[in-house]
Amino acid sequence: MAERVQQPPAKRLCCRPGYNPACRQGQRAGGVLCGGAGSAPGGSGKTHNPESLLDIAARRVAEKWPFQRVEERFERIPEPVQRRIVYWSFPRSEKEICMYSSFNAGGEESGTSGDNNDETQLPFLRGVTLLEGGWVDNVLQVGFHLSGTVTDPATPSSPELVCSVSVSFDRCKITAVTCTCGNKDIFYCAHVVALSLYRVRKPEQVKLHLPISETLFQMSRDQLQKFVQYLISVHHTEVLPTAQKLADEILSQNSEINQVHGAPDPTAGASVDDENCWHLDEEQVQEQVKLFLSQGGYHGSGKQLNLLFSKVREMLKMRDSNGARMLTLITEQFMADPRLALWRQQGTTMTDKYRQLWDELGALWMCIVLNPHCKPEQKSSWLRQLRRWNSVDVCPWEDGNHGNELPNLTHSLPQELLHKGHTSTTNMEGWVGHPLDPIGTLFSTLTESGRIGEEGSNTCLDLSDCSSVVSRADLQRMPVQRLLGDGESYVALAVETALIGLGQQRVMPDGLYAQEKVCRNEEQLLAKLQEVELDDSLVKIFRKQAVFLLEGGPYSGLGEIVHRESVPMHTFARYLFTSLLPHDAELAYKIALRAMRLPVLESTASSGDLSRPHHIVSVVPNRYPRWFTLSHIESQQCELASTMLTAAKGDSRRLETVLESIQKNIHSSSHIFKLAQDAFKIATLMDSLPDITLLKVSLELGLQVMRITLSTLNWRRREMVRWLVTCATEVGVYALDSIMQSWFTLFTPTEATSIVATTVMSNSTIVRLHLDCHQQENLASSARTLALQCAMKDPQNCALSALTLCEKDHIAFETAYQIVLDAAATGMSYTQLFTIARYMEHRGYPMRAYKLATLAMAHLNLSYNQDTHPAINDVLWACALSHSLGKNELAAVIPLVVKSVKCATVLSDILRRCTLTTPGMVSALHSRRNSGKLMSLDKAPLRQLLDATIGAYINTTHSRLTHISPRHYSEFIEFLGKARETFMMAHDGHIQFTQFIDNLKQIYKGKKKLMMLVRERFG
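All figures in this text were calculated on a predicted structure; none of them were measured in a lab.

**What about the overall build of the protein chain?**
Okay, step 1: Summing up its helical and strand segments, the protein chain has 43 helices and eight strands in all.
Okay, step 2: In the protein chain, buried positions account for 48% of the 1019 residues.
Okay, step 3: For the protein chain, the proportion of contacts with a sequence separation of at least 24, taken over those separated by at least 6, is 73%.
Okay, step 4: Surface accessibility of the protein chain: about 50,600 Å² in total, with carbon and sulfur atoms responsible for 53%.

Following this line, the structure appears as structure tokens:
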């Protein structure tokens, strides 16, 4: 509260026409205690007497009439009557005081500053603490004005502070407050609260006086002069200038003050023209909202704005006129937000948090305009104001945009349809997800009506709390049996309203925010419904509405025909299914199966025959819809299907129907896979035998996933394949045999061999299925057939797996080997061939390994600088294998090496290995081909290899010298050292190397530093 030290000006002028001073002479001018003679019950006395007629009448007058009207109505009001009216004019309830001194009546939220979340720091609770601590003093009531001092006790961080507080009131409402504490806030400070509660709780301790004008009327001229002089003497520094100014004006006959009848009295109460409302500091409301908006959602400003909205709701609930007043102030600041113009200029949409605040603003205005207790002139005034705001360019649309996106579909409807009132068109603007939330509002209103009706309370309905979920305890207290008509109750009406709204067919709105709002609003309504415990009467309503929805035509989201872009009913149908299942399973499944469809993903929407009466007009038939929430919708569709699968366990007919619906309507492979996994888990629960029907459903769904993802990329594909084999294993051996027979429609060749066939032939599968020898052989035969087919189709990736799988069957193994040989010339890389060759050697087929290694060498090409190529180890292995087999095999492979390898270091490594041992160490075990002598470098085939190695060193040297830099000189010298070692292996190597070095010196004589290093090392 922006609490000003200055006293508020007097609201009206007070005088007594025809007043005779003699009639008041001798009357006591002092005051009496509020709880004195004639006080109302509830004072300090221990006995409770019946209320007097004076108090009853004074209380009613004090609540409804401004005191000026009382004075005008009666020529003379007896003093006791005046005192009782003044006494009863102060608020008697603490509820409103609490509302105006904290963010909510329950004291759950902190103040607007947000500096301290401790609820004890709320002004109301702090005020109670000050009152109960005895820190309120000097309390005085003069007419309609209450004053006193409130002391803030000293703390370690601040000294004691004495605050002067004054409160003006009228008709049981505080109309003005002042406090010297200087705090600025929307709500009353703790000192105002403490003084006000002192008057409410301890009226008998408050000294009460009539308005000061009444006291002055009782004084003679001498008394008045004495009064004024004493007042000036006591406060001369403050009032002397003002007193002199007033004296001069009064003594001047032509002054303005002498033209007015009477004089102002700040203690005389309100005038007839004053609006009777609680004090609300408009300036502070505007400043706080402006501050929160400027923070752009940071520092908890969004939360603070929502708390202000909650305060408006609280005021509306108590029928406080300041609710509309405060909301007007908030709206003006929202309209003045500079970001609106910026967003409009840039063509961008507002943020989601900001949109939610605007939604709340609109919902609160709806509550105000539709309030049945408001007067027609009030509604007209508000509607004019709303139209003025709406006419401003920066005013956002209901979906939070500024018109730069696609227009609302409602505007696209053919006008003749709207004029003729055709019922064949779906609803363009749904009730669920509407910015004003009509279904949620009506549900909350009806449920609260039921609670209030049962409690017999006169409290008004909370028409504004449209988003709150009624607590379970409240719902249990609701009068389900309290009939309004023919078997109706407020709860029944609320439930029926929600079911009608949720089942309404409506077109998915444009834009991410609007679509998210549809989902969010639906979930909020379902959360409210789930708090209701169904009894027989509510089950009847569920059944009736379910039938209506199934037969409801184009205005039902569960009708036979729906618009391609209508909002899906998956979430709502799942709730209906679980609610109806214990009572009417057939109807529950009808609802759920009907809701499974998702026409927006169908290539051709099932719109029906144009001549049918239920045909739905497509408003924008050529526009592909942008459903930003599609992933959420598909997940809800999946949840609905999973719920049905769980419920249908053990019922083969139901499971078959649900399976057909899933296969027809769900298009996401990941969601179908999830359903397959769910069905598998349910079917194989540990506490029961496997449900074979549900297992088959799980397998069918898995097979569908395999078919969908066979030709598309899916990062979970390998997991899916492994899971399918596991599922087929649980179903039985025939299922495994079936997926192997039809592998080409389900798996890639690589998957079929490396995962499917390998798993099928594993020991764990045999043990799991308890197979006999005959069954094992049949399954293995199918696996081998699959492996050979895959090897034929994709030898590069499947040949090795096929060989492995066919090891125990000679004919199949030979067939697989022949497939490799046939593919080696064209379809296989040297890496694949080397891998298979090593496998053959490992399995005891060295000649076959040698054959495959030579085929691999034909595909290889190692350039001079590839001395770290991954195939080097394979080349060395192939040469070692050939050397071990014999001289002939080595002689055959060396030409291939010379042709494929140009890297000098690799060739020299091969050359040295061939000269260390005699060839034929493997074949020597089987024949006498081994001569026991080392091979000569002067004869073939090593002579050819030596010449190639020397040539590779010469070529590599020249290549390196072309672009050599000084930092590589030392490395180059080492390279020449290795070259010299190879040169020296020839009988004339020394001469060749010397000539080679001399040539280098001559050709590269410009590289003086390098050549100097060469001379130092090699002469």
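Having seen the structure, we can now continue with the description.
**Considerations on helix α10 (residues 282-294)**
Okay, step 1: With 13 residues, α10 should cover 18 Å at 1.5 Å per step; its first-to-last C-alpha distance of 18 Å lies within 8% of that length.
Okay, step 2: Every buried residue belonging to α10 is among Gln284, Val285, Gln288, Val289, Phe292 and Leu293, and all of these are buried. When α10 is viewed along its axis, its buried side chains cluster within an angular range of 165° and face the same direction. Exposed residues pointing more than 90 degrees away from the buried face of α10 are listed as Lys290 and Ser294.
Okay, step 3: Of the residues that open α10, the one with a side-chain oxygen 3.3 Å from the backbone nitrogen of Glu283 is Asp281.
Okay, step 4: Positive phi shows up at Gly296, right after α10, with a value of about 60°.

**A short note on the side chain of Ser166**
Okay, step 1: Mapped onto the secondary structure, Ser166 falls in strand β5 (residues 161-170).
Okay, step 2: The buried category is assigned to Ser166, whose relative accessible area is 4%.

**Concerning the confidence of the model for the protein chain**
Okay, step 1: Mean pLDDT over the protein chain: 81, with 83% of residues reaching 70 or higher.
Okay, step 2: When mean pLDDT is compared element by element in the protein chain, helix α22 (residues 570-580) scores highest at 97, while helix α16 (residues 415-420) scores lowest at 34.
Okay, step 3: Low pLDDT, under 50, characterises residues 1-8; the predicted model gives this stretch 37 contacts beyond four residues in sequence or across chains.
Okay, step 4: For residues 105-117, every residue scores under 50 in pLDDT, and the model assigns this stretch 26 contacts once sequence neighbours within four places are set aside.

**Remarks on the pairing of β5**
Across a regular strand the side chains alternate sides, sitting on one face of the sheet and then on the other.
Okay, step 1: Among the ten residues in β5, seven count as buried, and that is most of the element.
Okay, step 2: The pairing of strand β4 (residues 145-152) with β5 spans eight bridges and is antiparallel. By the bridge assignment for β5, His145 is matched with Ser168.
Okay, step 3: Here β5 folds back onto strand β6 (residues 173-179) in antiparallel fashion, the turn holding two residues, of which Arg171 has a positive phi close to 50°.

**Considering a nonpolar patch on the surface**
Okay, step 1: On the surface, a nonpolar cluster with roughly 290 Å² of combined accessible area is contributed by Ile212, Phe227, Val228 and Leu231.
Okay, step 2: Per-element tally for the nonpolar patch: the top contributor is helix α8 (residues 221-234), with three residues.
Okay, step 3: In this structure, Leu231 sits in helix α8.
Okay, step 4: We classify Leu231 as partly exposed; its relative accessible area is 42%.

**Concerning the pattern of salt bridges**
Okay, step 1: In the structure shown here, the tally under the stated rule is 32 salt bridges.
Okay, step 2: Of the charged contacts, one joins Glu63 and Arg60 as a salt bridge, the two residues approaching to 3.4 Å between their closest N and O atoms. Residue Glu63 and its partner Arg60 are located together in helix α1 (residues 53-64), separated by three residues, close to a single helical turn.
Okay, step 3: The salt bridge involving Arg201 is made with Glu132; its shortest N-O contact spans 3.8 Å. A residue pair is termed long-range when its members are at least 10 positions apart, and Arg201 in helix α6 (residues 190-201) and Glu132 in helix α5 (residues 123-132) qualify at 69 residues.
Okay, step 4: We classify Arg201 as partly exposed; its relative accessible area is 35%.
Okay, step 5: Overall, Glu132 belongs to the exposed group, its relative accessible area being 61%.
Okay, step 6: Linked through salt bridges whose partners overlap, the residues forming this network are Arg60, Glu63 and Arg92.

**Considering the packing of helix α11 (residues 301-317) against helix α12 (residues 322-335)**
Okay, step 1: Close contact between α11 and α12 brings their axes to 8 Å; oriented N to C, the two are set at 155°. Taken together, the axes of α11 and α12 are roughly antiparallel relative to one another. The hand of the α11/α12 crossing is left-handed. Contacts between α11 and α12 involve Leu305, Leu308, Phe309, Lys311, Val312, Met315 and Leu316 from the former and Asn322, Gly323, Ala324, Met326, Leu327, Ile330 and Phe334 from the latter.

**Section: helix α19 (residues 490-502)**
Okay, step 1: In this model, α19 (13 residues) spans 18 Å end to end at C-alpha, consistent with the 18 Å of a helix rising 1.5 Å per residue.
Okay, step 2: Most of α19 is tucked away, with ten of its 13 residues classed as buried.
Okay, step 3: Here α19 has its buried residues at Val491, Ala492, Ala494, Val495, Glu496, Thr497, Ala498, Leu499, Gly501 and Leu502.

**Looking at the packing of aromatic side chains**
Okay, step 1: Scanning all chains against the criterion turns up 22 aromatic pairs.
Okay, step 2: Geometrically, the ring pair formed by Phe993 and Phe1018 is edge-to-face, given 5.5 Å between the ring centres and 75° between the ring planes. You can see Phe993 sitting in helix α42 (residues 989-1003) and its partner Phe1018 sitting in helix α43 (residues 1008-1018), a full 25 residues away along the chain.
Okay, step 3: In this structure an aromatic cluster arises from ring pairing among Phe309, Phe334, Trp343, Tyr354 and Trp358.

**Focus: the pairing of β6**
Okay, step 1: Among the seven residues in β6, six count as buried, and that is most of the element.
Okay, step 2: Across six bridges, the pairing between β5 and β6 is antiparallel. Each bridged residue has a counterpart across the sheet, and for Val165 the counterpart in β6 is Cys179.

**Some remarks on the nonpolar core**
Side chains that are nonpolar tend, in soluble globular proteins, to be buried together.
Okay, step 1: Counting residues in each nonpolar core, the largest one holds 171 residues, and the members touching the most others are Leu645 and Phe747.
Okay, step 2: Discounting chain neighbours no more than four positions away, the residues touching Phe747 are Met706, Leu710, Arg717, Val721, Leu724, Ile739, Ala752 and Val756.
Okay, step 3: Counting residues in each nonpolar core, the second largest holds 83 residues, with Ala58, Tyr198, Phe309 and Ala324 among its members.

**A word on the state of the cysteines**
Okay, step 1: Counted according to the given criterion, the structure contains zero disulfides.
Okay, step 2: Take Cys181: it sits in no disulfide, and the sulfur closest to it among the cysteines is that of Cys179, at 3.5 Å.
Okay, step 3: In this structure Cys181 comes out as buried when scored by relative accessible area, which is 16%.

**Section: the environment of Asp273**
Okay, step 1: Following the sequence through the fold, Asp273 ends up in the loop between β8 (263-264) and α10.
Okay, step 2: The spatial distance from the C-alpha of Asp273 to the C-alpha of Gln68 is 9.6 Å, given a sequence separation of 205 residues.

**Section: unusual backbone geometry**
Okay, step 1: Look at Asn138: it is not a glycine, yet its phi comes out positive at around 55°.
Okay, step 2: Turning to its location among the elements, Asn138 is positioned in strand β3 (residues 136-142).
Okay, step 3: Backbone geometry at His770 places phi at a positive 55°, although glycine is not the residue there.
Okay, step 4: Here His770 lies in the loop between α31 (763-769) and α32 (773-793).
Okay, step 5: Taking the relative accessible area as the measure of exposure, His770 reaches 67% and is therefore exposed.

**A few points about the packing of helix α27 (residues 692-709) against helix α28 (residues 717-731)**
Helix packing for two helices is described by the angle between their axes and how far apart those axes are.
Okay, step 1: Interaxial distance between α27 and α28 falls to 9 Å at its minimum, and their mutual angle equals 150°. When the axis of α27 is compared with that of α28, the two are roughly antiparallel. Crossing hand, α27 versus α28: left-handed. Taken together, the residues of α28 that come into contact with α27 (itself represented by Ile692, Leu695, Ser698, Leu699, Gly702, Leu703, Val705, Met706 and Thr709) are Arg717, Met720, Val721, Trp723, Leu724, Cys727, Ala728, Glu730 and Val731.
Okay, step 2: Residues that form the contact of α27 with α28 fall into these classes: 13 nonpolar, three polar and two charged.

**As for the side chain of Lys528**
Okay, step 1: The residue Lys528 is located in helix α20 (residues 512-530) in this model.
Okay, step 2: Nearest to the buried, unbridged Lys528 among oppositely charged side chains is Asp437, at 5.0 Å.
Okay, step 3: A polar contact of 3.3 Å, which involves the side chain of Lys528, links it to the side chain of Ser444.

**Some remarks on the environment of Leu771**
Okay, step 1: Positionally, Leu771 belongs in the loop between α31 and α32.
Okay, step 2: Residue classification places Leu771 among the buried positions, given a relative accessible area of 11%.
Okay, step 3: Separated by 38 residues in sequence, Leu771 and Val733 have C-alpha atoms that sit 8.5 Å apart.
Okay, step 4: If we ignore the near neighbours within four places in the chain, the residues touching Leu771 are Val733, Ile766, Gln776 and Leu779.

Reading the values: rules and limits
Residues numbered from 1 in each chain as written. Predicted model: local features only at pLDDT ≥ 70, side-chain atom pairs only at ≥ 80, totals over all residues. Heavy atoms only, no water. Helix = DSSP H or I, 4+ residues; strand = E, 2+ residues; numbered from the N terminus. Buried < 20%, exposed > 50% of the residue type's maximum accessible area, 1.4 Å probe, protein only. Contact = heavy atoms within 4.5 Å. Areas by Shrake-Rupley, 256 points an atom, 1.4 Å probe, with all protein chains shown as cover. Expected span 1.5 Å × (residues − 1). Arc of directions from axis to C-beta. Polar contact = N/O pair within 3.5 Å; in protein donor to acceptor, adjacent residues only side chain to side chain. pLDDT = per-residue confidence, 0-100. Pairing = 2+ DSSP bridges. Patch = residues over 30% accessible without salt bridge, like charges linked within 9 Å, V, L, I, M, F, W, Y side chains within 5 Å. Salt bridge = Lys/Arg side-chain N within 4 Å of Asp/Glu carboxyl O. Axes fitted to C-alpha atoms, helices over the stretch in contact; angles between N-to-C directions. Parallel < 35°, antiparallel > 145°, perpendicular 65-115°, else oblique. Left-handed = near helix turned anticlockwise from the far one by under 90°. Phe/Tyr/Trp six-rings, centres within 6.5 Å; stacked < 30°, edge-to-face > 60°. Core = buried A, V, L, I, M, F, W, Y, C linked by side-chain atoms within 4.5 Å. Disulfide = S-S within 2.5 Å. Nonpolar A, V, L, I, M, F, W, Y, C, P; charged D, E, K, R; others polar. Lys, Arg positive; Asp, Glu negative; His and termini not counted.

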